[in-house]
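Chain by chain, the residues run as shown.
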Amino acid sequence: MPELPDVEGFRRVLRACAKGRTIQHVEVLDTGVLHEVSVRRLRDALEGRRFTEPERHGKWLLARTGGPTLMLHFGMTGQLLCADPQDPAEAHDRVLFTVARDRQLRYRDQRKLRGLWLADDEFEVARLLGGLGPDALTVDRDDFDAALTAHRGSVKTVLTDQGVLAGLGNLLADEILWRARLRPTSRASELDEADLGHLYTHMRRTLRSAVTAGRVPPRDSWLTGHRDDPHPVCPRCGGPLRRTRTAGRGTVWCPRCQ
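Residues numbered from 1 in each chain as written. Predicted model: local features only at pLDDT ≥ 70, side-chain atom pairs only at ≥ 80, totals over all residues. Heavy atoms only, no water.

The protein goes by DNA-formamidopyrimidine glycosylase family protein in an unreviewed UniProt entry, where it is assigned to Streptomyces sp. 900129855. According to the UniProt record, the Sequence similarities (unreviewed entry) comment for the protein reads "Belongs to the FPG family." Looking at the protein in UniProt, the text filed under Cofactor (unreviewed entry) is "Zn(2+)". (UniProt positions renumbered as here; feature names shortened; annotations may be inferred.)

Give a description of the sheet that holds strand β3 (residues 60–63) that names residues and reports values.
One open sheet accounts for 4 strands, arranged β2-β3-β4-β8; its pairing is antiparallel. Two strands close off the open sheet at either side, each with one partner strand: β2 (55–57) and β8 (115–119). On average, adjacent strands in this sheet sit at an angle of 25° to one another, irrespective of strand direction. Examined bridge by bridge, β2 and β3 share 3 bridges and lie antiparallel to one another. Bridged to E55 within β3 is L62. Along the sheet, helix α1 (residues 4–18) makes contact with β2 and β3, crossing β3 at roughly 15°. (Pairing = 2+ DSSP bridges. Helix = DSSP H or I, 4+ residues; strand = E, 2+ residues; numbered from the N terminus. Axes fitted to C-alpha atoms, helices over the stretch in contact; angles between N-to-C directions. Contact = heavy atoms within 4.5 Å.)

I'd like a description of the pattern of salt bridges, backed by residues and values.
In this structure the tally under the stated criterion is 23 salt bridges. Measuring nitrogen to oxygen at the nearest pair gives 2.5 Å for the salt bridge that ties R64 to E122. Of this pair, R64 sits in the loop between β3 and β4 (69–73) while E122 sits in helix α3 (residues 122–129), and the two are 58 residues apart along the sequence. The network of salt bridges with common partners includes E8, R11, R12, R15, K19, E53, R56 and D135. (Salt bridge = Lys/Arg side-chain N within 4 Å of Asp/Glu carboxyl O.)

In C-alpha cells, the structure reads:
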C-alpha cells in the first residue's frame, strides 16, 4: 500500500516527467477512478495548462497547474509512472496525461480504491484535505506531542489515523514503533516525555531513509525486511517476532524489544 515515501516518490516522478510541460491530451481509460469530476470536465480543465511544482500532503499528491489542481490518492495499489506515449497501455493504466511527444504520465491502479479529484481552487483543495492532520514528514515536535497525547487509543492506531497525522501506514507505524522500542498497544495519551521524544526522533529518521529509497525498504536491518518471513525473528535481538492485530490491522512487533 502506498505510504508517504511512495507518494513522495510519485511527486518526484511528476516533477521530473512533467513540470513546466503543457498537458496536450488527457485520456481516461477507466472512469471508475474519477471522483466528483467527469471526463469532459477533466479534459477541459487541464488540456492546454502546464504542470507546475507538485506538492504532497500525507498520502495525497497535488498536481498543480497554476489553475485547477489535480488531486491524486493512490489507495492500496495506485502508482504514477512516466512512459512513452507510443508504448501500449497496460491493463491497469486508468488515466494518461500526454505532456510531450515522448512523455506521458500514467495513473495505474489495479484495485481502484481511490483515484483522481479535480480542485478548481484552494477552497476545494482545503475541502479535500480538510480531515487530515499535519504531514508526518514536516510536523514539528510540539504539534506531534499534542496530536498524540490528545488521543486515548493505542499508539499504533493513533499513528495510522490520517486525521491525527497524515502519511503513516501500517508498515511505517510498525517500523517506527519497533525502532522506538514501544509496544503498539501502548496508550498514546500515557506516553511520557522520553517516549514521545524517542518516537518523534525515530519517525523522522525512518521517514528520511524511506523517502530516499522511495518506499518502506525491506532491508535486513529493518523490521520490514522480516515481517513476511515464515518464522520472523527480530533483526535487533534475534527473538521471535509476534503477529497480532491492532484495531483490525496486521501488526508485527518484538515482545522482547518493545
